Amino acid sequence: MRNYIIMSVHNRLHLTQKTLEQVFDFAGVSFNLWVVSDGSTDGTKEYFENLEPRGFCKNLEFTHFDQALGKAKRLNSFLEKKEYDYCTVIDNDVLLPVDWLEKSIDILERYKDHVGMCCVNVQGLIDRIKVRDVDVEDFLVAEAIGGACTTWGSFVRDNITLFCEDYGRYGHEDAHITQQVRSLNKAVVCLREFGIHLDDRLQDSKYDTDWDKKYKKMKDKFATEGRPKLIKNAQGMIEGWKKLNNK
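Criteria and thresholds
For every chain, the first residue of the written sequence is number 1, and numbering continues from 1 along that sequence. Side-chain atom pairs in this predicted model are given and counted only at pLDDT of 80 or more, local residue features only at pLDDT of at least 70, and totals for whole chains, interfaces and linings cover all residues. Neither water nor hydrogens contribute to the side-chain values; these are computed over all heavy atoms in the structure. The classification of residues rests on relative accessible area computed with a 1.4 Å probe and restricted to protein chains. Under 20% of the type maximum is buried, over 50% is exposed, and intermediate values are partly exposed. What counts as a helix is a DSSP run of H or I of at least four residues, what counts as a strand is a run of E of at least two, and both are numbered from the N terminus. Two strands pair if DSSP finds at least two bridges between them. By convention, orient the strands away from the viewer: a clockwise path from the first strand over the helix to the second makes the crossover right-handed. Each pair of aromatic rings taken from Phe, Tyr and Trp, with Trp reduced to its six-membered ring, is defined by centres within 6.5 Å and is described as stacked if the planes are under 30 degrees apart, edge-to-face if over 60, and tilted in the remaining cases. Put simply, a charge is over a ring when the Lys NZ or the Arg CZ is close to the ring centre, within 6 Å, and near the line of the ring normal, within 35 degrees. To estimate the expected span of a helix, count its residues, drop one, and scale the result by 1.5 Å. By salt bridge we mean one thing: a side-chain nitrogen of Lys or Arg within 4 Å of a carboxyl oxygen of Asp or Glu.

A.B. asks: It is not clear to me how the pairing of strand 2 (residues 31-38) should be interpreted in this structure. Could you clarify?
C.D. replies: Looking along a regular strand, one sees side chains alternate from face to face of the sheet. The element strand 2 is extensively covered by neighbouring structure, given that eight of its eight residues are classed as buried. Here strand 2 shows no split at all, with Phe31, Leu33, Val35 and Ser37 on one side and Asn32, Trp34, Val36 and Asp38 on the other all buried. Pairing geometry for strand 1 (residues 3-9) and strand 2, over six bridges, is parallel. Among the inter-strand pairings, Met7 is bridged to a residue of strand 2, identified as Val35. Where the polypeptide runs from strand 1 across helix 1 (residues 13-26) and back to strand 2, its parallel neighbour, the crossover connection is right-handed. Note that strand 2 and strand 3 (residues 57-65) share eight bridges and pair parallel. The residue of strand 3 that forms the bridge with Leu33 is Leu60. In this fold, strand 2 hands off to helix 2 (residues 44-49), which returns the chain to strand 3; that crossover is right-handed.

Printed below as a string of structure tokens:
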């Protein structure tokens, strides 16, 4: 089984290290890890050049770019290959429940005709999404969700387009791919167990550096301005699928 975890990082090495320690030890199923450093300048490159896979991680691939172009563009460089059976996109600032990946893949296999994506419920996320109970063990069906950690399988791999690169360099690109799954009449399910967000990038903190303040302001600006592009892109894609299915 070609099972990949994909992570795009931009600095914040101390959070990346904490996330990976948990992922290596507690994913619950073997995986290959692909990490792309999007213009990191804080020692991320040197750290990954010397990092060896362990635990559930069987292979580690690292790519570094000097120029930061944004999460969506970097993730798309992998997704275009479509060389996986299961793919998980994960942020570099989360701690996840034990066996989270094994549970997600199990749900995708047992409910493959109904479920398109599995998301881990990150602490605080439940307050910002709409969910409804469903008869899928350990999961909720989400009506609207962005995913700090989201897994999908071959059906989504073969039928979705890529992340919307026009929706801001650091906008909520994952919301776009969720909309695509919805339009394919596949449920998006959310793990009932909570993960922990190590840092909310848009909330002010007494530990913020000047870079943090600038980054949060930029992300909020792009997310707000990009939302109409997200909606327009998704609507156009759905209309295209309708025409294709009518042929």
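Back to the text.
A.B. asks: When you look at the packing of aromatic side chains in this model, what are you seeing that I'm missing?
C.D. replies: What describes a pair of aromatic rings is the distance from one ring centre to the other and the angle between the planes of the rings. Counted by the stated rule, this structure contains five aromatic pairs. Ring centres 5.3 Å apart and planes at 55° place the aromatic pair Tyr4 and Phe78 in the tilted group. With Tyr4 in strand 1 and Phe78 in helix 3 (residues 71-79), this pair connects stretches of sequence that are 74 residues apart. Since its relative accessible area comes to 6%, Phe78 is described here as buried. Judged by centre distance (4.9 Å) and plane angle (5°), the ring pair of Phe48 and Phe62 falls under stacked. Of this pair, Phe48 sits in helix 2 while Phe62 is found in strand 3, placing the two residues 14 residues apart along the sequence. Classification of Phe48 as buried rests on a relative accessible area of 3%. Put simply, the rings of Tyr4, Trp34, Phe78 and Tyr84 pair up and form one aromatic cluster. Taking the ring centre of Phe65 as reference, the NZ or CZ of Arg74 above it sits at 3.7 Å.

A.B. asks: Is there a simple way to think about helix 1 in this case?
C.D. replies: In an α-helix, one full turn covers 3.6 residues, which means residues spaced three or four apart are oriented alike. Taking 1.5 Å as the rise per residue, helix 1 with 14 residues should run 20 Å; its terminal C-alpha atoms sit 20 Å apart, in good agreement. Those residues of helix 1 not exposed but buried are Leu13, Leu15, Thr16, Thr19, Leu20, Gln22, Val23 and Phe24. Count one or two residues on from helix 1 and you reach Gly28, which has phi positive near 95°.

A.B. asks: Mind showing me how you'd approach the pattern of salt bridges here?
C.D. replies: Considering all chains together, one arrives at eight salt bridges under this definition. In this structure, the salt-bridge partner of Arg12 is Asp93, at a minimum N-O distance of 3.0 Å. With Arg12 in the loop between strand 1 and helix 1 and Asp93 in the loop between strand 4 (86-90) and strand 5 (94-95), the pair connects residues that are 81 residues apart, well separated along the chain. Exposure remark for Asp93: the relative accessible area of 1% places this residue in the buried category. The salt bridge partner of Arg157 is Asp158, with a shortest N-O separation of 2.9 Å. A relative accessible area of 12% places Arg157 in the buried class.

A.B. asks: It is not clear to me how the pairing of strand 6 (residues 115-122) should be interpreted in this structure. Could you clarify?
C.D. replies: Most of strand 6 is tucked away, with eight of its eight residues classed as buried. Alignment of strand 6 against strand 10 (residues 187-197), held across six bridges, turns out to be parallel. Paired with Met117 across the bridge in strand 10 is Val188. Pairing of strand 6 with strand 9 (residues 149-152), which is carried by three bridges, proceeds in the antiparallel orientation.

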